[in-house]
Amino acid sequence: DEFIAVLKKVEEGEELTFEDIVLLLKTERKAEMDALFATADRMRQEIIGDVVDIRGAIEFSNICRKDCKYCGIRKTLPELERYRMTEDEIMEIVHELHRMGLQTVILQSGEDLWWTPDKIVALIQRIKAETGMRITLSIGERPREEYALYKEAGANNFLLKIETTNREIFEFIHPDDDYDHRIQCSQWLRELGYINGSGSIIGLPGQRPEDIARDILFFKDMGINMIGIGPFLPAKGTPFEKYPPGSVDMTLKAVAVTRIVCKRVFLPATTALASLDPDGQTKALKAGANTIMLINTPAKYRYNYQIYSHKNMIDLKAAIKAIKEAGRKLPPYLKVNVEGLEDA
Ligand code: SAM
Ligand code: SF4
């Protein structure tokens, strides 16, 4: 049978073609999906091992100059209360993450130009000086020189998702963005030496398995190191409010195939998947994923960073539960009383 033949190619270390990838993504048979997930899981185990990396995210501003049609903090949402954390507020959380033993902090925001290069550089330098933590930036498109300044100041990783490599869909969902410029930004980040993050949204209007297959080959060709794959989730008040969410199965298949094709990469079990399916993170960990991102935005701001409605607030307790359920190992650097957390 064709499906088994493709998985056999994987076992034998052969590269998959575009057609092979489409075939894997298209299956809807339970037994075939399980075989696909098991193959990706085995590969993850051989390449990365059993430890699940945990990272902490601070969503430090929900102010954005853009109007991405899917996004729950897009510019045109008159009802949304906007916030911008101060440097001290951010540092308070950074120290909390550092005390937990975490090694990487993710700084995420809308495209908020109040955060000038000077301010961002000062924040990066302060995090480095006070904690030495690794820093992931997820702040959208900026000029090359700015990316260079952040790298020099000590930023390690950058997450800028392509969202989809289908140019028509990309342009339809991004009224402010140019597809070629987005790719250009990703290339700059790679040239500057960042650990380079990208990813896709699964279930965008008009998106087909062939598009997702092209996304995965794009990540491979671009040498992307971190790949965030999450389902589309409708956000209230946006043009896509009434659109159906992406499928859990398609998201898991995309995660599994990405592990198989891109091999040694960081694959998060995404918050979006956890929001769609309460067992989503455990399932992703069993289908090739190897990292979890906590949401550490202060409670008073969190509600206003609902990039999609009903966002699941992944905390350490939820992450540990998913890791245990998947039969995996907590990171050795964690400095928390895990039993105490579980009893709580
Ligand atoms: N503004 C930066 C950017 O766009 O890269 C970072 C923040 S943005 C909110 C982070 C990610 O959220 C995007 O890359 C996108 O994939 C995801 N996102 C936003 N709205 C979403 C939705 N409704 N469903 C699924 N993912 C969504
Ligand atoms: Fe802004 Fe990012 Fe949302 Fe687009 S996805 S509206 S750039 S926060």
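Residues numbered from 1 in each chain as written. Chains lettered and ligands numbered in written order. Predicted model: local features only at pLDDT ≥ 70, side-chain atom pairs only at ≥ 80, totals over all residues.

So, helix 10 (residues 248-262)
Between its first and last C-alpha atoms helix 10 spans 21 Å; for 15 residues at 1.5 Å apiece the expected length is 21 Å, and the two agree. Along helix 10, 12 of the 15 residues are buried, which leaves the element largely enclosed by surrounding structure. Along helix 10, the residues classified as buried are Thr251, Leu252, Lys253, Ala254, Val255, Ala256, Val257, Thr258, Arg259, Ile260, Val261 and Cys262. Where helix 10 ends, the next residue or the one after it, Lys263, has phi of about 60°, a positive value. (Helix = DSSP H or I, 4+ residues; strand = E, 2+ residues; numbered from the N terminus. Expected span 1.5 Å × (residues − 1). Buried ≥ 20, exposed ≤ 12 C-beta atoms within 10 Å, placed from the backbone.)

Focus: the site of ligand 1
Every one of the 19 residues lining ligand 1 counts as a neighbour, but Cys71, Gly140, Lys161, Ile307 and Tyr308 are closest to it. Here the residues of the shell around ligand 1 are counted per class, giving 10 nonpolar, 6 polar and 3 charged. (Near = placed C-beta within 6 Å. Nonpolar A, V, L, I, M, F, W, Y, C, P; charged D, E, K, R; others polar.)

Focus on the UniProt feature "domain: Radical SAM core" (unreviewed entry) in the protein chain
Within this numbering scheme, the UniProt entry marks residues 50-270 as carrying the feature "domain: Radical SAM core" (unreviewed entry). For residues 50-270, the end-to-end C-alpha separation is 18 Å, with 39% helix and 17% strand making up the annotated structure. (UniProt positions renumbered as here; feature names shortened; annotations may be inferred.)

Focus: the site of ligand 2
Residues in contact with ligand 2, as listed here, are Cys64, Lys66, Cys68, Cys71, Ile73, Arg74, Gly110, Glu111 and Gly140. Along the lines of polarity and charge, the residues of the shell around ligand 2 split into 4 nonpolar, 2 polar and 3 charged.

Some points on the packing of helix 1 (residues 2-11) against helix 3 (residues 30-47)
Direction vectors running N to C along helix 1 and helix 3 enclose 5°, while the axes themselves pass 11 Å from each other. With respect to their mutual orientation, helix 1 and helix 3 come out roughly parallel. Across the interface between the two elements, Phe3, Leu7 and Val10 of helix 1 pack against Glu32, Ala35, Leu36 and Thr39 of helix 3. Across the contact of helix 1 with helix 3, the residue classes tally to 5 nonpolar, 1 polar and 1 charged. (Axes fitted to C-alpha atoms, helices over the stretch in contact; angles between N-to-C directions. Parallel < 35°, antiparallel > 145°, perpendicular 65-115°, else oblique. Contact = placed C-beta atoms within 7 Å.)

Quick notes on the nonpolar core
Grouped together as the largest cluster of nonpolar side chains are 93 residues, with contacts concentrated most on Val105, Val255, Ala256, Val257 and Ile292. In this view, Ile292 contacts Val52, Ile54, Pro268, Ala269, Gln281, Ile314, Ala319 and Ala322; residues no more than four positions away in its chain are not counted. (Core = buried A, V, L, I, M, F, W, Y, C linked by C-beta atoms within 7 Å.)

Quick look at the packing of helix 2 (residues 18-26) against helix 10
The contact between helix 2 and helix 10 brings their axes to 9 Å, and the two run at 150°. Relative to helix 10, helix 2 is oriented roughly antiparallel. The handedness of the crossing between helix 2 and helix 10 is right-handed. For the pair helix 2 and helix 10, the contacting residues are Ile21, Leu24 and Leu25 in the first and Lys253, Ala254, Val257 and Val261 in the second. (Left-handed = near helix turned anticlockwise from the far one by under 90°.)

Some points on the sheet that holds strand 2 (residues 104-109)
The strand order 6-5-4-3-2-1-7 describes an open sheet built from 7 strands, whose pairing is parallel. Only two strands of the sheet have a single neighbouring strand rather than two, namely strand 6 (226-231) and strand 7 (291-295). Adjacent strand axes in the sheet meet at a mean angle of 25°, parallel and antiparallel pairs treated alike. Relative to strand 2, strand 1 (residues 53-61) is paired through 5 bridges, and the arrangement is parallel. Bridge assignment links Ser61 to a residue of strand 2, and that residue is Ser109. Along the sheet, helix 10 contacts strand 5 (195-202) and strand 6; its crossing angle with strand 6, the most-contacted strand, is approximately 165°. (Pairing = 2+ DSSP bridges.)

A short note on the environment of Ile135
Among the secondary structure elements, Ile135 is positioned in strand 3 (residues 134-138). Spatially, the C-alpha atoms of Ile135 and Gln103 are 8.6 Å apart, while their sequence positions differ by 32 residues.

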